[in-house]
Amino acid sequence: MLDDLARRLRDELGPAKVITDRQELRTYECDGLAHYKVIPALVALPHTTAEVAAVVRACHQAKVPFVARGSGTGLSGGALPHADGVLIVTAQMRDIIDVDPAAERAVVQPGVINLQVTRAATPHGYYYAPDPSSQQICSIGGNVAENSGGAHCLKYGFTTNHVTGLEIVTPDGDVVRLGGKAPDPPGYDLMGAFVGSEGTLGVATEVTVKLTRLPESVRTLLAAFESTDQAGAATSAIIGAGVVPAAIEMMDALAIEAAEAAVACGYPAGAGAVLIVELDGPAPEVEAQFEQVTAFCRGSGAFEIRIAADDAERALFWKGRKSAFAAVGRISPDYIVQDGVIPRTALPEVLRRIGDLAREHGVRVANVFHAGDGNLHPLVLFDDQVPGQAERAEEASGAIIDLCIEYGGSITGEHGVGADKAKYMPRMFGDDDLQTMQLVRCAFDPDGLANPGKIFPTPRLCGERPGRGTPTADRWKDVEVF
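Presented here is an overview of the structure given in this document. Along each chain, residues carry numbers from 1 onward, in the same order as the chain's sequence is written. pLDDT decides what is reported in this predicted model: residues at 70 or higher carry local features, side-chain atom pairs at 80 or more are listed and counted, and totals for whole chains, interfaces and linings draw on all residues regardless. Each side-chain value is derived from all of the structure's non-hydrogen atoms; neither hydrogens nor water enter the calculation.

## Overview of the overall build of the protein
Secondary structure elements follow DSSP: runs of H or I of four or more residues count as helices, runs of E of two or more count as strands, with numbering from the N terminus. Looking only at helices and strands, one finds 16 helices and 22 strands in the protein. Taking 2.2 N^0.38 as the reference for a compact globule, 482 residues should give roughly 23 Å; the C-alpha atoms of the protein span a radius of gyration of 23 Å, in line with that estimate. A fraction of 70% describes how many contacts in the protein between residues 6 or more apart in sequence connect residues 24 or more apart. Residue burial considers only the protein chains on display, and all accessible areas are found by Shrake-Rupley using a 1.4 Å probe. Of the roughly 19300 Å² that the protein leaves accessible, carbon and sulfur atoms contribute 51%. Counting rule applied: Lys, Arg positive; Asp, Glu negative; His and chain ends not counted. Taken as the charge centre is NZ of Lys, CZ of Arg, CG of Asp or CD of Glu, depending on the residue. Within the protein, one finds 42 positive and 63 negative side-chain charges whose respective centroids are separated by 2 Å. Between the two quantities, the radius of gyration covers C-alpha atoms and the globule rule is 2.2 Å times the number of residues to the power 0.38. Contact criterion: two residues are considered in contact whenever any of their non-hydrogen atoms come within 4.5 Å of each other.

Structure below.
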């Protein structure tokens, strides 16, 4: 069947856009979470919506599962291939179709890199606000799939707040448009369902995004504290006073150590934690709020505050934070990136308990995260060559997720559920909740071909009646875990 499908796709797309050689296929065996690896049966490289639709239609007719992938920077195994399926890579769909300053919109293909949207909009006085740390390499299609955030989502919101229109290929190969340039289309919010659906409802082939006007003023400070408790107190004081910065980011001592080793960012020596606080908007408002933020940081125990004098110094402040995930590789051969959410007011207590968990499991945890909205990114460090350490790291990582749930938070803030966190979904949602979610999925994809095995631990077969204990196929028999 797969040989026949490969021949059909070569006829539809051309031989150069279909990969079946096993060595070449290994290039696509995982996304940014290399802990899970699966070699796809074949890879399709479409360049247009029509080609994506042709691939999906062929998969639908052959009853072959498919997975969409952009730049492959995801951190939840969301783009993990199916061993008996087709991987649809949209990285070659990278045209910026339209930049419309008058409407404050841009229309782009899914393979367009996040930062490229800002670069295209900047000459017109605009930018694209969502800014994941991987914004120099992550693609808009992947951002839509995972509802990505970033440092500035505190003030400006996540991807879902910046998408007004989508062109999608449904799981049976139809091309459908949702929304457009208008701010509030009538009818059901299908875009809201699609953004963050992790490729389970279809493939985005065109995205209309909001452009945000460049602010009149931007002020950035870096505050150094002796402890994360003090930095957390400063964060709560700032937000509690009604000040909403564009970003409040925190790094602990271990994350600072890694950043220094990687990019020599020059953060204050001896800091147990640093906050990067950025304010933007009208100049008088920014200046007034900046004085408040500085006072709150000093009042919470900051022993040094640096104010960026220009864009170059501002970029240096951010360089350490933006490189933190990769920088951890300088101090540990292996690590697990977590992504949980807690109420902001619980930061000091939760960070202390994460430290306790690290000691109990004999691993180190570096904390770097969006402090303003409580979106944690604990990095659990380990050495896979040391017997038992990988298992202890996994246990510590899972315990951190349980901790987030205990405090009324979430198992993910922006990285998605994917393959990595599906097993945690029942800890956060009851059976009725999960079955209702799967009914939405089945409405889009009754055959269960779009990115199967993701999000739900035991996906219900769409032809069956909802109920406890519904049998499912073992979709993970081909997964290799490293």
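## Considerations on the side chain of D280
In this fold, D280 is placed in strand β15 (residues 273-281). At 2.8 Å, the side chain of D280 forms a polar contact with the side chain of K155. There is a polar contact of 2.9 Å between the side chain of D280 and the side chain of Y156. Counting of polar contacts relies on pairs of N or O atoms within 3.5 Å, with two restrictions inside protein: one atom must be capable of donating a hydrogen and the other of accepting it, and residues adjacent in sequence are counted only when both atoms are side-chain atoms.

## What to know about the pairing of strand β6 (residues 96-100)
Across 4 bridges, the pairing between β6 and strand β7 (residues 105-108) is antiparallel. By the bridge assignment, V99 is partnered in β7 with A106. A pair of strands is treated as paired once DSSP finds two or more bridges between them.

## Overview of the pattern of salt bridges
Only one rule defines a salt bridge in this text: a Lys or Arg side-chain nitrogen within 4 Å of an Asp or Glu carboxyl oxygen. Per the counting criterion, the structure on display carries 20 salt bridges. R177 is the partner of E206 in a salt bridge, and the nearest nitrogen-oxygen pair spans 3.0 Å. Of this pair, E206 sits in strand β11 (residues 203-210) while R177 sits in strand β10 (residues 175-179), placing them 29 residues apart in sequence. E206 gets classed as buried once you look at its relative accessible area, which sits at 14%. Several salt bridges share partner residues, and in doing so they unite R26, E29 and K37 into one network. For each residue, the accessible area found with a 1.4 Å probe, counting protein chains only, is set against the maximum for its type, and the residue is called buried under 20%, exposed over 50%, and partly exposed in between.

## Description of the environment of A326
Within the secondary structure, A326 is located in helix α12 (residues 324-327). As a C-alpha pair, A326 and P171 span 155 residues in sequence and 35 Å in three-dimensional space.

## Concerning the side chain of E198
Note that E198 resides in the loop between α7 (190-194) and β11. For E198, which is buried and forms no salt bridge, the nearest opposite charge comes from K454, at a distance of 7.7 Å. Of note is the side chain of E198, whose polar atom sits 2.7 Å from the backbone nitrogen of V417. In this structure E198 touches S76, A145, E146, G416, V417, G418, N451 and I455, once residues within four positions along its chain are discounted.

Limitation: the analysis is restricted to geometry and does not speak to function.
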